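This is what each chain is made of:
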Amino acid sequence: MKQIINFSAGPSILPQPVFKEASEAVLDLNGIGLSILEISHRSPQFMEIMDEANALVRELIGLTDDYEVLFLTGGASTQFFMTVMNLLPDGKKAAYVDTGSWSVKAIKEAKILGQVDVIASAKESNYTNIPKGYTIDPGYEFLHTTSNNTIFGTQFQEWPDSPIPMVCDMSSDIFSKPIEASRFGLIYAGAQKNLGPAGVTLVIVRKDMLGKINRELPTMLKYQTHIDGGSMYNTPPVFPIYVSMLTMRWLKENGGLETIQKVNERKAKLLYDVIDEIPFYLGHSVPEDRSRMNVTFNLADDARSKDFLSYCEEAGCSGLKGHKSVGGFRASIYNAMPESGVKTLAELMKSFALTHA
Ligand SMILES: *Cc1c(COP(=O)(O)O)cnc(C)c1O
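Residues numbered from 1 in each chain as written. Predicted model: local features only at pLDDT ≥ 70, side-chain atom pairs only at ≥ 80, totals over all residues. Heavy atoms only, no water.

## Considering the site of the ligand
And step 1. Around the ligand, a shell composed of 13 residues is seen, among which S77, T150, D169, Q192 and K193 lie nearest.
And step 2. Within the side chain of T150, an N or O atom sits 2.4 Å from an oxygen atom of the ligand.
And step 3. Against a free-state accessible area of 390 Å², the protein chains account for coverage of 87% of the ligand.
And step 4. In terms of residues, the shell around the ligand owes the most to one element, helix α3 (residues 75-87), which gives four residues.
And step 5. Residue composition of the shell around the ligand, grouped by class: three nonpolar, eight polar and two charged. (Near = heavy atom within 4 Å. Polar contact = N/O pair within 3.5 Å; in protein donor to acceptor, adjacent residues only side chain to side chain. Areas by Shrake-Rupley, 256 points an atom, 1.4 Å probe, with all protein chains shown as cover. Helix = DSSP H or I, 4+ residues; strand = E, 2+ residues; numbered from the N terminus. Nonpolar A, V, L, I, M, F, W, Y, C, P; charged D, E, K, R; others polar.)

Here is the structure:
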């Protein structure tokens, strides 16, 4: 099989052993003579998978019983409004920090349903930094943040000292490092960046965040429905949940979140060192707010960009073209990206600069 190193931002790379096990389960799940794609979500086999997925989320993060773990559909984009519908009572306001395109989308949806103040924004700098030094009025119901800005390549390295619970979109860095759960009233993440395939969204909600609203909501859009139904009120996305469970198992077997954090920091350093040492490359983010998951950069001489991309593609590196709002390049180096893959790219960057500067 042709070996490609996949730097795509999402859907993205997953661990090789997970691909292998998932592909075997498509033909025969654990020797039961049925495919994972045809078993009932009410079958004991799937109940076991769901229980293990739930337990792995709890164990990896170290969640207390104050939190519920849900596997939902509709992507992180549905959580942009479901959070507000379920958590923000009439007459109360929510505070948002705008750190890029995904925050902007979250704010847009929130404004349809509730009162929202954007209390800090990095828009002025074209999202090269994470805003700091703003005050958070304790009168807000919650503070919404986007932990890692997949498109711009910035990431919260320190959380604001918030007097109110945070609601956080962790789609692109969930499980990339330890999570200080107690800061968060709700965490959500589309699986397709760092957790599993597209089609499932992880939601972690603290019980005391719920029950504050009086408005009537459609059944499917109430967190309580999915809590009561164990994420099986309706047919859950069986296969994406299964593959996410396998990925979390892999993560646990490889040392959990503290270990993966060290690996992720080493990987990111390999690329940022090249960016810092060779003026041929210009990083998008200010150094202190750089993402360990999505490394964004341009070439100082944009005329070389097309050649650089083909140079990388010829060497087997795919998915490097930057998002249209930033241009240039983006190397997404999620948990499943091996250090050797990042080393290959770092070497390509060095050799291209040497021969084309
Ligand atoms: C990809 C992404 C989303 C969108 O997720 P969907 O599951 O496609 O709705 C939201 N937020 C962030 C930070 C993302 O990276």
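## Here's the deal with the packing of aromatic side chains
And step 1. Across all of its chains, the model carries 15 aromatic pairs by this definition.
And step 2. Each ring, one from F156 and one from W159, has its centre 5.0 Å from the other, and the planes form 20°; the classification is stacked. In this structure, F156 and W159 share a single accessibility class: buried.
And step 3. By way of ring pairs, the aromatic residues F280, Y281, F297, F308, Y311, F329 and F352 are connected into one cluster. (Phe/Tyr/Trp six-rings, centres within 6.5 Å; stacked < 30°, edge-to-face > 60°. Buried < 20%, exposed > 50% of the residue type's maximum accessible area, 1.4 Å probe, protein only.)

## A word on the packing of helix α7 (residues 256-277) against helix α9 (residues 339-356)
And step 1. Remark: α7 packs on α9, axes separated minimally by 9 Å, with the N-to-C direction vectors making an angle of 5°. Judged by the inter-axis angle, α7 sits roughly parallel to α9. In this structure, α7 uses V263, R266, K267, L270, L271, V274 and I275 to contact α9, whose residues at the interface are E339, V342, K343, L345, A346, M349 and K350.
And step 2. Tallied by class, residues from the contact of α7 with α9 come to nine nonpolar, no polar and five charged. (Axes fitted to C-alpha atoms, helices over the stretch in contact; angles between N-to-C directions. Parallel < 35°, antiparallel > 145°, perpendicular 65-115°, else oblique. Contact = heavy atoms within 4.5 Å.)

## Looking at the domain arrangement of the chain
And step 1. For the chain, the domain assignment lists domain 1 (16-253) and domain 2 (256-356).
And step 2. Using only C-alpha atoms to locate each centre, domain 1 and domain 2 end up separated by 27 Å.
And step 3. Taken together, the contacts link 30 residues of domain 1 with 25 residues of domain 2.
And step 4. Note that D289 is salt-bridged to K132, the shortest N-O span being 2.8 Å.
And step 5. Summed over the shared surface of domain 1 and domain 2, the result is 16 residue pairs in polar contact (both at pLDDT 80 or more).
And step 6. Mapped by element, the contributors of at least two residues to the side of domain 1 that touches domain 2 are α2 (44-61), β7 (154-155) and α6 (238-253).
And step 7. Looking at the side of domain 1 that touches domain 2 element by element, the count peaks at three residues for α6. (Domains from an automatic or database assignment. Salt bridge = Lys/Arg side-chain N within 4 Å of Asp/Glu carboxyl O.)

## A few points about the sheet that holds strand β4 (residues 115-121)
And step 1. Read across the open sheet, the seven strands follow the order β2-β10-β9-β8-β5-β3-β4; overall the sheet is mixed. Of all strands in the sheet, those with a lone pairing partner are β2 (67-72) and β4, marking the two edges. Put simply, the sheet's adjacent strands are angled 20° from each other on average, direction ignored.
And step 2. Across four bridges, the pairing between strand β8 (residues 166-169) and strand β9 (residues 184-190) is parallel. In the strand pairing of β9, M166 is matched with F184.
And step 3. Packing against the sheet, α2 makes contact with β2 and β10 (201-206), and its axis sits at approximately 130° to β2. (Pairing = 2+ DSSP bridges.)

## As for the nonpolar core
And step 1. Core analysis: the biggest nonpolar cluster contains 57 residues, and V57, F71, I174, F175, L202, Y242 and M248 have the highest contact counts within it.
And step 2. Looking at which element gives the most residues to this core, the answer is α6, with nine residues.
And step 3. Contacts of V57, omitting those with residues within four sequence positions, involve L63, V69, F71, F175, L202, I204 and M248.
And step 4. Counting residues in each nonpolar core, the second largest holds 31 residues, with L271, F308, I333 and V342 among its members. (Core = buried A, V, L, I, M, F, W, Y, C linked by side-chain atoms within 4.5 Å.)

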